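Remarks on the overall topology
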Amino acid sequence: MKRLTSILAFVLFPLAFAVNAFANNLDETLRVKSQNPQVTEQGQKLFEQICASCHAKDLSGATGFNLKDGEWVHGSAPSQILNNVKTGFLNAGMPSFKGVFNEAELEAIVAYVLSKREGWGNLTYKLYQLNGADDTHVTEDKLIKSGALPKGLADFSIPEVQHYFIEFEGDFYAPKDIDTQVWLQWGFPHELKVYMNGEQVEKGGTAWFPTWRLQRGKQHLKVTYRSGTTKPNQRNLILIGTNLDLTVKLFPLSTKAKGIVEEKKYEIKAAGEILVQRKRILDLPPSTISVGFPAKLNYGFNTKSCSVVGVWQGDMLNIGPNIAGRGEDPSLPLGEWLFHAPKQLKHVTESATCRYKGYRLEEDNPVFAYELEQNQYTLTVIPRSSNTLDFVYTVTGSQPIKLLIPDIPQVRWRHGDDQLSPLDPQGSVLKPSEGGRVVITATLQHP
Ligand code: HEC
């Protein structure tokens, strides 16, 4: 028996080793690919076509799990992720993608997922017991507990001692495409320190709600906290990653922040019906009413200027990621901008004052009414397809409408058979048809 085991071990050991080495190689290959923009762009395209419907375009999860936080239920190694995508989770509702994509495409998708990583990786903590509220001497002999936090969230509820110093340390992945910061939403700030790549980060923000700037992409991050004179129920800090103007909560850094970031995610999609929203939207001027069409085209009409101040393609809005308690915080458009203010579709007039009169619904589609230089106008937008919008203006009388056409490379503007030039600073002079109608068609060109 013994001999058999040792023979078996002799036979199996190299096999196990080979499998292991193979996986390690694949992990490395996928990591390298995740740094290669050519590969990740291809992966992004495929992800958005197929995976985004369940995992959300920003990977933050919907029916499928969040794929950018550090939490992996089915394995975190790149090769495991690849394998999970291949086999799927049929019982849980994710199909197998083995026959859908070839190996290179699957690897590109996984590389893209890896490149979008946000939050802590390899996070560990160290807890030191101190001798009193004013003990500031953190020495190795006071270390009482340490360990890994595989969920990638700093857990400020670990200490069970009264006076302590706790340190969280790990790799940190910040978004690569926007500047972000750590924000202390809740907790006493005095004894909280943040170190990036070994150097202390200067505090910004306000005394009670400080912020610390992050680098884009990967960095080494350490956060330390001393209990000091705070009461036990004041110590479970809420640390959240936000954009720099503190209008959008992006990712949690501590356990208590996780629920808050997730709770705040509330997406409005115009699935099967036209939606009208009065929420303030990031990048659009105040007093804009936005309209979302099931064809995944959306626009904003501004009631101060009576202009179309933005058009975006994709799902409508995420109205939830706002910083709590500030009603005026903007919502995020979920798709890609085609244009937004200052580029806009607007009237060229002598006097700039427009009087907005409200909208009525025609087949659920709002028709905006306004007065401009004594003339009565209406505007409604009708989606012709997923890449074509008609802007239908009516005007009393029969004088021409002068419109400034926004200059967007990927949009072609037409009025009937005439191509409109966005470059004319005087605006395009458009003669209404008999009913006083002017229809401008915007068609998105796909590169
Ligand atoms: C029809 C919905 C759906 C689609 C489409 C889908 N997924 Fe999933 N995915 C899920 C669900 C649901 C789960 C959670 C499975 C479970 O409960 O265990 C999941 C889990 C995963 C996991 C495991 C996450 C973890 O924590 O370990 C990965 C990785 C993943 N999906 C990647 C993808 C990729 C990449 C694509 C596109 C090629 C994709 N999924 C397409 C629904 C979907």
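Our subject is the structure that appears above.
This text gives an overview of the structure that appears in the document. Only a predicted model underlies this, so the values are computations on that prediction, with no experimental measurement involved.

Conventions and cut-offs
Residues numbered from 1 in each chain as written. Predicted model: local features only at pLDDT ≥ 70, side-chain atom pairs only at ≥ 80, totals over all residues. Heavy atoms only, no water. Phe/Tyr/Trp six-rings, centres within 6.5 Å; stacked < 30°, edge-to-face > 60°. Helix = DSSP H or I, 4+ residues; strand = E, 2+ residues; numbered from the N terminus. Lys NZ or Arg CZ within 6 Å of the ring centre and 35° of its normal. Near = heavy atom within 4 Å. Polar contact = N/O pair within 3.5 Å; in protein donor to acceptor, adjacent residues only side chain to side chain. Nonpolar A, V, L, I, M, F, W, Y, C, P; charged D, E, K, R; others polar. Pairing = 2+ DSSP bridges. Expected span 1.5 Å × (residues − 1). Core = buried A, V, L, I, M, F, W, Y, C linked by side-chain atoms within 4.5 Å. Buried < 20%, exposed > 50% of the residue type's maximum accessible area, 1.4 Å probe, protein only. Contact = heavy atoms within 4.5 Å.

This paragraph deals with the packing of aromatic side chains. Inspection of the entire model under this criterion finds 19 aromatic pairs. A ring pair is formed by F301 and Y356, whose centres lie 6.0 Å apart and whose planes are at 45°; its orientation type is tilted. Taken together, the residues span a long stretch of sequence, with F301 in strand β15 (residues 297–302) and Y356 in strand β20 (residues 354–362) at a distance of 55 residues. Through a chain of ring-to-ring contacts, three or more aromatic side chains come together here, namely F301, Y356, Y359, F368, Y370 and Y377. The side chain of K222 reaches across the aromatic face of Y195, ending 5.0 Å from its centre. A cation sits over an aromatic face here: K256 above W186, 4.5 Å from the ring centre.

Below, the discussion takes up the site of the ligand. Near the ligand there are 21 residues, and of these C51, C54, H55, H74 and M94 occur at the shortest range. In the model, a nitrogen atom of the ligand is placed 2.8 Å from a nitrogen or oxygen of the H55 side chain. Contact distances for the ligand include 2.6 Å between an oxygen atom and a side-chain N or O atom of H74. Among the elements of the structure, α2 (37–55) and α3 (78–87) are those that each provide at least two residues to the shell around the ligand. Along the lines of polarity and charge, the residues of the shell around the ligand split into 15 nonpolar, 5 polar and 1 charged.

Glancing now at the sheet that holds strand β28 (residues 437–444). Pairing is antiparallel in the open sheet, where 7 strands are placed in the order β20-β21-β22-β23-β28-β25-β26. At either margin of the open sheet sits one strand with a lone partner, and together these are β20 and β26 (418–419). Two elements, β20 and strand β21 (residues 365–372), share 8 bridges in a ladder whose sense is antiparallel. Along β21, the bridge assignment pairs R355 with E371.

This part takes up helix α4 (residues 103–115). For α4, which comprises 13 residues, the first-to-last C-alpha distance of 18 Å matches the rise-based estimate of 18 Å (1.5 Å per residue) to within 8%. Of the residues flanking the start of α4, the one acting as N-cap is N102, its side-chain oxygen 3.1 Å from the backbone nitrogen of A104.

Before going further, it helps to examine the nonpolar core. Y299, V308, V311, F391, Y393, W413 and I440 are the most contacted members of the largest nonpolar core, which has 35 residues in total. In this structure V311 touches N298, Y299, E336, W337, L338, F339, L389 and F391, once residues within four positions along its chain are discounted. Membership of the second largest hydrophobic core comes to 28 residues, among which are A154, V194, V223 and F251.

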